[in-house]
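Here is what each chain is made of, one letter per residue.
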Amino acid sequence: MNPTQKVRMGMIGGGRGAFIGAVHRIAAAIDQQIELVCGAFSSDPQRSKDSGADLFLPADRCYGTYEEMIEKESALPENERMQFVAIVTPNHVHFPAAKAALEAGFHVLCDKPATLDLAEAKQLKPIIEKSGKLFGLTHTYTGYPMVKQARHLVAEGHLGEIRKIVVEYPQGWLADAIESEDQKQAAWRTDPTKSGAAGCMGDIGTHAENLAEVISGLHISELAADLTAFVPGRRLDDDGNVLLRFEGGAKGVLTASQIAVGEENNLSIRIWGTKAGLEWHQNEPNTLLVKYNDRPTEIYRTGHDYLCDAAKAGTRTPPAHPEGYLEAFANLYQNFASHIRAVEAGETPSEIATDYPGIDDGIRGMAFIEAVVASSAKNAAWTSLDV
């Protein structure tokens, strides 16, 4: 690719009325490495074209369907066509859209969870490998500098042998049946044909699962889950509690809820090892606590030179200038774009460029969803992850 050009992005989904599409576009733009050049922004062709017009895209690059976009972009000169696709649709579109894009020779950055079900996720991996293209998954919270610092401390043995992990993600926005009030975001997330086998656990429980595995470096081997749909008539879970067993013997607890009245996006994690413990909260993302029995608690803060390379690379401003959700999201986009540049230039990517979630994370997330659903259906029976 031309090193003087931005990496060119197309988007599937994310049109008028969609929350996450705007987040993706902001994140992609923050570092000025990526340009949105085209899109199929809605399953409604006219809405898709109107959404593209809202973004001041040329009319001939605003497509009625993603199939049309992939076909017509493929026909453009190599230095004009999109180089990767961001998929920001409801879950049931992830697999067919990713498959079509990869087989047409485009890299893919997909919203989580990876697919509608585990079988699709497992089917997608060889498609990625055969295509030779990159596939990234936007588990946003892995982009926070303090999450990277926490991962580094665990990997360096700072906590000793990991014994216990507690991760929680409470929200309150689905405490009432707003899906029956034409609330678009609630409607698809509570519809099993669009969301998949789980509701709350698929939407935010997978974030908690991914965060626990990424920071600890450990994989969940089996779990015991109790899922509930508290809101009358709701078809998918809106609350769940899960006991976790990790490879190597560590134990854990994961809770996720969308009926926790008054809660926002209060994702948090605590990990204890034989030497120390750590604590991180998404609502105070620039602070990481490391705790001991024999000396005062250490406070790590974003923006300082004492942090690991990955944490420093993911920080844009001096200490005490708040960076949060959008910047964490942007770190995934920046690294993915850097990886594309390296690959298309025939160069070896840096360690930082490859620091984003991929299909293996996606498969583990889908295996987690299917395990919690199966476990809960058997009165919280211990269930292994089918990875």
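Bear in mind that the values here come from a model prediction, so they are computed numbers and not experimental data. (Residues numbered from 1 in each chain as written. Predicted model: local features only at pLDDT ≥ 70, side-chain atom pairs only at ≥ 80, totals over all residues. Heavy atoms only, no water.)

### So, the overall build of the protein
As a reminder, the rule being used: Helix and strand labels come from DSSP, where a helix needs a run of H or I of at least four residues and a strand needs a run of E of at least two; each type is numbered from the N terminus. The globule rule is 2.2 Å times the number of residues to the power 0.38, and the radius of gyration it is compared with is taken over C-alpha atoms. Whether two residues are in contact is decided by their heavy atoms: any pair within 4.5 Å suffices. Method for areas: the Shrake-Rupley scheme with a 1.4 Å probe, in which residue coverage is limited to the protein chains shown. The positive count covers Lys and Arg only, the negative count covers Asp and Glu only, and His and the chain ends enter neither. Just so you know, the charge point we use is NZ for Lys, CZ for Arg, CG for Asp and CD for Glu.
When you go through the protein residue by residue, the secondary structure sums to 12 helices and 14 strands. For the protein, whose C-alpha radius of gyration is 21 Å, the value lies close to the compact-globule estimate of 21 Å for 387 residues. In terms of overall dimensions, the protein has C-alpha extents of about 65 × 50 × 40 Å along its principal axes. Put simply, of all contacts in the protein between residues at least 6 apart along the chain, 69% involve residues at least 24 apart. With an accessible surface of roughly 16300 Å², the protein has 50% of that area assigned to carbon and sulfur atoms. In the protein, the 36 positive side-chain charges and the 52 negative ones have mean positions that sit 2 Å from each other.

### Looking at the sheet that holds strand 11 (residues 277-281)
For clarity, the cut-off: Pairing between strands is defined by DSSP: at least two bridges between the two strands are required. Fitting a line to C-alpha atoms yields each axis, with helices limited to the stretch in contact; the angle taken between N-to-C directions then spans 0 to 180 degrees.
Ordered by their spatial adjacency, nine strands build an open sheet running 13-12-11-10-6-9-8-7-14, and the pairing between neighbours is mixed. Strands with a single pairing partner mark the edges of an open sheet, and in this sheet they are strand 13 (298-301) and strand 14 (383-384). Pairing of strand 7 (residues 220-228) with strand 8 (residues 239-246), which is carried by eight bridges, proceeds in the antiparallel orientation. Within strand 8, the position partnered with Leu227 by the bridge is Gly240. Sheet strands in contact with helix 6 (residues 145-155) are strand 6 (162-170), strand 11, strand 12 (287-291) and strand 13, and its direction is about 25° off that of strand 12. The sheet contacts of helix 12 (residues 359-377) involve strand 7, strand 8, strand 9 (251-257) and strand 14, and relative to strand 7 the element is tilted by about 55°.

### Overview of the environment of Ala104
The following threshold applies: For every residue, the accessible area (1.4 Å probe, protein chains only) is compared with the maximum for its type, and the residue is labelled buried under 20%, exposed over 50%, or partly exposed between those bounds.
Mapped onto the elements, Ala104 comes out in the loop between helix 4 (94-103) and strand 4 (107-110). Of the residues examined, Ala104 reaches a relative accessible area of 34% and is grouped as partly exposed. C-alpha of Ala104 to C-alpha of Ala150: the two residues are 46 residues apart in sequence and 38 Å apart in space. In this view, Ala104 contacts Ile70 and Ser74; residues no more than four positions away in its chain are not counted.

### A look at helix 11 (residues 325-344)
In plain terms, the rule: By definition here, a helix of n residues has an expected span of 1.5 Å times n minus one.
Over its 20 residues, helix 11 runs 29 Å from end to end, which matches the ideal 28 Å to within 8%, given 1.5 Å per residue. A positive phi of about 75° marks Gly346, the residue just after helix 11.

### Considerations on the pattern of salt bridges
As a reminder of what qualifies: For this analysis, a salt bridge means a side-chain nitrogen from Lys or Arg found within 4 Å of a carboxyl oxygen belonging to Asp or Glu.
Scanning the model with the defined rule gives 21 salt bridges in all. Here Asp203 ties to Lys112 by a salt bridge, and the two come within 3.8 Å at their closest N and O atoms. Taken together, the positions of Asp203 in helix 9 (residues 200-216) and Lys112 in the loop between strand 4 and helix 5 (118-131) put the pair 91 residues apart, joining distant regions of the chain. Accessibility classification places Asp203 together with Lys112 in one group, the buried group. Linking Lys148 and Asp355 is a salt bridge whose minimum nitrogen-to-oxygen distance equals 2.8 Å. Of the two residues, Lys148 sits in helix 6 while Asp355 sits in the loop between helix 11 and helix 12, which places them 207 residues apart along the sequence. According to the relative accessible area criterion, Lys148 is buried, its value standing at 3%.

Shape is all these values report; function is a separate question.
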